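# A look at the structure
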Amino acid sequence: MSKWKYTGKEVNPEKIDESLKTIKSACFGCETHSSDCSIAKAAGDVAEMIDEKSIPVKDQIHAQISGALAGATFPIATPDDLIAAFPDGANTTCRVGDLKMTAGEAGTLLKPSDFPFKSAKDVADIIVSRAGL
């Protein structure tokens, strides 16, 4: 079980997944994405709760990338548009244990032929695969 960092409440993995899906469904699909977006922040916070002991690192990073892009409008056609879609731009950070990766670092794994991206899942799939996680 994971703890909700704001209250310390124990939350099971099913509830985390359910909450993350609900938050993502609340996305307004704005044309631009801002680090001030409370929906994207909430999705990222919930994605961080995934129990590290039971879920592989690659799946946790995948969930964090997908959560960070929850408010993005797809398709995303360029690397600059992708970086802008992350809540804190190139400084958006995914972290599991000692592993840390920023969106800027992850962007170096992408190729021009990867664009346009049609979903957050597509972005996460390629980054996790190329990072060798």
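Residues numbered from 1 in each chain as written. Predicted model: local features only at pLDDT ≥ 70, side-chain atom pairs only at ≥ 80, totals over all residues. Heavy atoms only, no water.

Taking 1.5 Å per residue as the helical rise, helix 1 (residues 13–25) with its 13 residues ought to reach 18 Å, and the 18 Å between its terminal C-alpha atoms agrees with that figure. Those residues of helix 1 that fall on the buried side of the exposure criterion are Ile16, Leu20 and Ile23. Summarising the axial view, the buried residues of helix 1 lie within an arc of 65 degrees, below the 170-degree limit, and thus occupy one face. What points out from helix 1, more than 90 degrees from its buried face, is the exposed set Glu14, Lys21 and Ser25. (Helix = DSSP H or I, 4+ residues; strand = E, 2+ residues; numbered from the N terminus. Expected span 1.5 Å × (residues − 1). Buried < 20%, exposed > 50% of the residue type's maximum accessible area, 1.4 Å probe, protein only. Arc of directions from axis to C-beta.)

Tracing the chain through its elements places Thr102 in strand 4 (residues 99–102). Taking the relative accessible area as the measure of exposure, Thr102 reaches 16% and is therefore buried. Not counting residues up to four positions away in its chain, the partners in contact with Thr102 are Ala90, Asn91, Thr92 and Thr93. (Contact = heavy atoms within 4.5 Å.)

Pairs can form between side chains of opposite charge whenever their charged atoms are close. Counted according to the given criterion, the structure contains six salt bridges. Two residues, Glu18 and Lys15, come together in a salt bridge whose shortest N-O distance is 3.4 Å. Here Glu18 pairs with Lys15, and both are found in helix 1, just three residues apart, close to one helical turn. Between Asp114 and Arg130 there is a salt bridge whose closest N-O contact spans 2.6 Å. Here Asp114 is found in the loop between helix 5 (103–107) and helix 6 (120–130), whereas its partner Arg130 is found in helix 6, with 16 residues between them in sequence. We classify Asp114 as buried; its relative accessible area is 10%. (Salt bridge = Lys/Arg side-chain N within 4 Å of Asp/Glu carboxyl O.)

Another aspect to go through is the pairing of strand 4. Pairing geometry for strand 3 (residues 93–96) and strand 4, over four bridges, is antiparallel. Paired with Thr93 across the bridge in strand 4 is Thr102. Where strand 3 folds back on strand 4, the antiparallel hairpin that results is connected by two residues, among which Gly97 adopts a positive phi of roughly 60 degrees. (Pairing = 2+ DSSP bridges.)

Turning our attention to the environment of Ala85. Residue position: Ala85 is located in helix 4 (residues 79–85). Using a relative accessible area of 5% as the deciding quantity, one classes Ala85 as buried. Through-space distance from the C-alpha of Ala85 to that of Tyr6 is 25 Å; in sequence the pair is 79 residues apart.

With that settled, consider the packing of helix 1 against helix 2 (residues 38–47). When two helices pack together, their arrangement is given by the angle between the helix axes and by the axis-to-axis distance. Two numbers describe how helix 1 lies on helix 2: the axes approach to 9 Å, and their chain directions differ by 165 degrees. As judged from the angle between their axes, helix 1 and helix 2 are roughly antiparallel. The chirality of how helix 1 crosses helix 2 is left-handed. From helix 1, Ile16, Ser19, Leu20 and Ile23 reach across to helix 2, where they touch Ile39, Ala42, Ala43, Val46 and Ala47. Of the residues contributing to the contact of helix 1 with helix 2, the split by class is eight nonpolar, one polar and no charged. (Axes fitted to C-alpha atoms, helices over the stretch in contact; angles between N-to-C directions. Parallel < 35°, antiparallel > 145°, perpendicular 65-115°, else oblique. Left-handed = near helix turned anticlockwise from the far one by under 90°. Nonpolar A, V, L, I, M, F, W, Y, C, P; charged D, E, K, R; others polar.)

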